[in-house]
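Examination of the molecular architecture
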Amino acid sequence: LDDASARSASVYQLVTDRFARPSSVSSTCNVSDRKYCGGTWASITEKLDYIKGMGFDTIWISPIVKNIDGTTGEGEAYHGYWTLDPDNLNSNYGSADDLKALSTALHSKSMYLMVDVVVNHVAATSSSTFQPSSSYGPFSTMEDYHSFCWITDYSNQTQVENCWLGDDQVALPDLNTQSSTVSNYWNNWIKNLVSNYTLDAIRIDTVKHIEKTFWPNFVNSAGVFTQGEVLNGDPTYVGPYQNDAKVNPFNYPSYYPLTRAFNQTSGNLNELVTMTQSVKSGFNDPTLLGSFLNNHDNPRFESTVKDTSLIKNAHAYPFVTDGIPYGYYGSEAGFTGGNDPDNREPLWTSNYDTSSTMYKYFASLNAARKAAGNASTSFYSNQMNVSSLSSSSILIAKQPLISVLSNSGSSASDSSLSIPASTSGWSSNTKVIDAISCETLTTDGSGNLAVTIKQGLPRVFIADSQKGSVCSNS
Ligand code: ABC
Ligand code: CA
């Protein structure tokens, strides 16, 4: 994927060990054990229609390289982030042929493969006894590493870049990315990885832990779209990673206000509106950020919020706003896991039910986004306008998609609002459809739309003439 095609992607993030496993494996998967549960690439391949049925066209899988074996004080490396040797694959997930078969199967369904890569560090069971050796593949000498120090102060950027993540149980020895041996290795590695497995996009781990000057060459060598994790809520901190380092960050700045806007009926919507403005001024291109509500590092939104309307409004946000929407596996199954490791549940317990409310809900959101993109070539690249509509709702105008999100909750009484023609761009007597309720409404003689919010549900409108497959099953 290049930037332009990445904008129209919709990504389903899965944890390889937990998404699907061969039917021959039947052991119980206790998330709190932090052990491998048996998920494989071949089993993902068998479940692509389940993902495609929700309208996602891209999958983000866990890091694929060989990790440290055995168990640690923090369990096994089931998540894939504890690199041992980047020149080999993690055999727990399958073989190179299995991974190639996954890539081929995706492409035959017009889907895309995004692989997670960790460049900042490797892993070891102790900081004091860490000895580089040939088991670390290319990184076998002391010169390949920054000397040991823990990151203790996240406001000290030198420390963030050159000291070590992890703790006494699992240390993450920090690679000396300033060494040309190390950076040249990584640049060749990513080029070959993309080519060997025909990858379409890359998710980059721990971006803020490597100096910005490292990234442009790495991104260039990858040659495909990259979405990077800069785990920080401040847009002025994250912005330069897109503007200067050329990695497109996940929208962590919006993530925190997003959760606070919809986690209760008195949530703060203004903070979210203001953040959309800060993001516009802080990033060269907000339409290339990765938008998400859930992921593998944060407690699921549903772990603390139980109101079904609040949950639906929060999940709608990444799909009706600027940026590339990311859905996290298990959201469609109503999973409620909290902090790592509880948010990494096995999906097989859900029986991959395609008739659940949330499965169909994600299909509706993806259909709305797709219809808007098909109707207008500039939908994905034009920036949205977000404004306050009432004390409990916001209006998101990203023509031709016009949405109203509310935090009044499912027990709220009906409330009437008006979407002004000046914001929507609709002309008089235009028929529009709500992709969520499938209700059809018509604008008045001035192009304004009278809308009733019922049970605090989100409203996602598109002109009926542009609806494509929206509501085609109802
Ligand atoms: C293991 C255990 C956990 C245990 C933990 C201490 O150790 O499994 O149960 O709680 C992988 C695994 C994890 C594992 C870790 C460490 O390795 O997935 O299960 O945890 O061994 C990425 C990945 C992540 C991955 C790694 C390591 C990195 O997405 O899955 O973890 O390869 C930092 C990093 C970030 C990293 C994250 C886990 O830790 O920067 O790259 N994620 C502040 C800091 C952030 C920090 C964050 C969390 O805390 O600024 O740098 O992230 O510790 C906002 C502020 C932010 C602030 C947040 C909390 O609040 O603006 O700055 O973030 O308002
Ligand atoms: Ca580093």
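For the structure given in this document, a descriptive report is provided here.

Conventions adopted
Residues numbered from 1 in each chain as written. Chains lettered and ligands numbered in written order. Predicted model: local features only at pLDDT ≥ 70, side-chain atom pairs only at ≥ 80, totals over all residues. Heavy atoms only, no water. Disulfide = S-S within 2.5 Å. Buried < 20%, exposed > 50% of the residue type's maximum accessible area, 1.4 Å probe, protein only. Helix = DSSP H or I, 4+ residues; strand = E, 2+ residues; numbered from the N terminus. Donors = N, O, S within 2.8 Å, 3.2 Å for Na, K, Ca; no water. Pairing = 2+ DSSP bridges.

**Details of the state of the cysteines**
Put plainly, two cysteines are in a disulfide when a covalent bond ties their sulfur atoms together. Here the structure, examined in full by the defined rule, presents three disulfides. Across a sulfur-sulfur distance of 2.0 Å, Cys29 and Cys37 are joined as a disulfide pair. Judged by the sign of its S-S torsion, about 85 degrees, the bond between Cys29 and Cys37 is right-handed. Each of the two residues, Cys29 as well as Cys37, counts as buried. Each sulfur of the disulfide joining Cys438 and Cys471 lies 2.1 Å from the other. Here Cys438 and Cys471 share a disulfide; its torsion about the S-S bond, -95 degrees, makes the bridge left-handed. Pair noted here: Cys438 is in the loop between strand S17 (431–434) and strand S18 (440–442) and Cys471 is in the segment after strand S20 (459–463), with a separation of 33 residues, a long-range link. Of the residues examined, Cys438 reaches a relative accessible area of 26% and is grouped as partly exposed.

**A look at the coordination of the calcium ion (ligand 2)**
Coordination of the calcium ion (ligand 2) by the protein involves Asn120 (OD1), Glu161 (O), Asp174 (OD), Asp174 (OD) and His209 (O), with metal-donor separations of 2.3 to 2.6 Å. Along the chain, the residues that donate to the calcium ion (ligand 2) are spaced as N-x40-E-x12-D-x34-H. With a gap of 89 residues between them, Asn120 in the loop between strand S5 (112–117) and helix H6 (157–162) and His209 in the loop between strand S8 (201–204) and helix H8 (215–222) connect regions that are remote in the sequence. Residue classification places Asn120 among the buried residues on the basis of a relative accessible area of 1%.

**As for the sheet that holds strand S2 (residues 58–61)**
Read from one edge to the other, the open sheet built from eight strands follows the order S10-S9-S8-S5-S2-S1-S12-S11, with strand pairing classed as parallel. Each edge of the open sheet carries a strand with a single partner, namely strand S10 (248–249) and strand S11 (290–292).

**A word on the pairing of strand S15 (residues 401–406)**
The element S15 is extensively covered by neighbouring structure, given that six of its six residues are classed as buried. Here S15 shows two buried faces, one formed by Leu401, Ser403 and Leu405 and the other by Ile402, Val404 and Ser406. Inspection of the sheet shows strand S14 (residues 393–398) paired to S15 by six bridges, in the antiparallel sense. Counterpart to Lys398 in the pairing with S15 is Leu401. Connecting S14 to the antiparallel partner S15 that follows it, the hairpin turn spans two residues. Across three bridges, the pairing between S15 and S20 is antiparallel. Note that in S20 the partner of Ser403 across the bridge is Val460.

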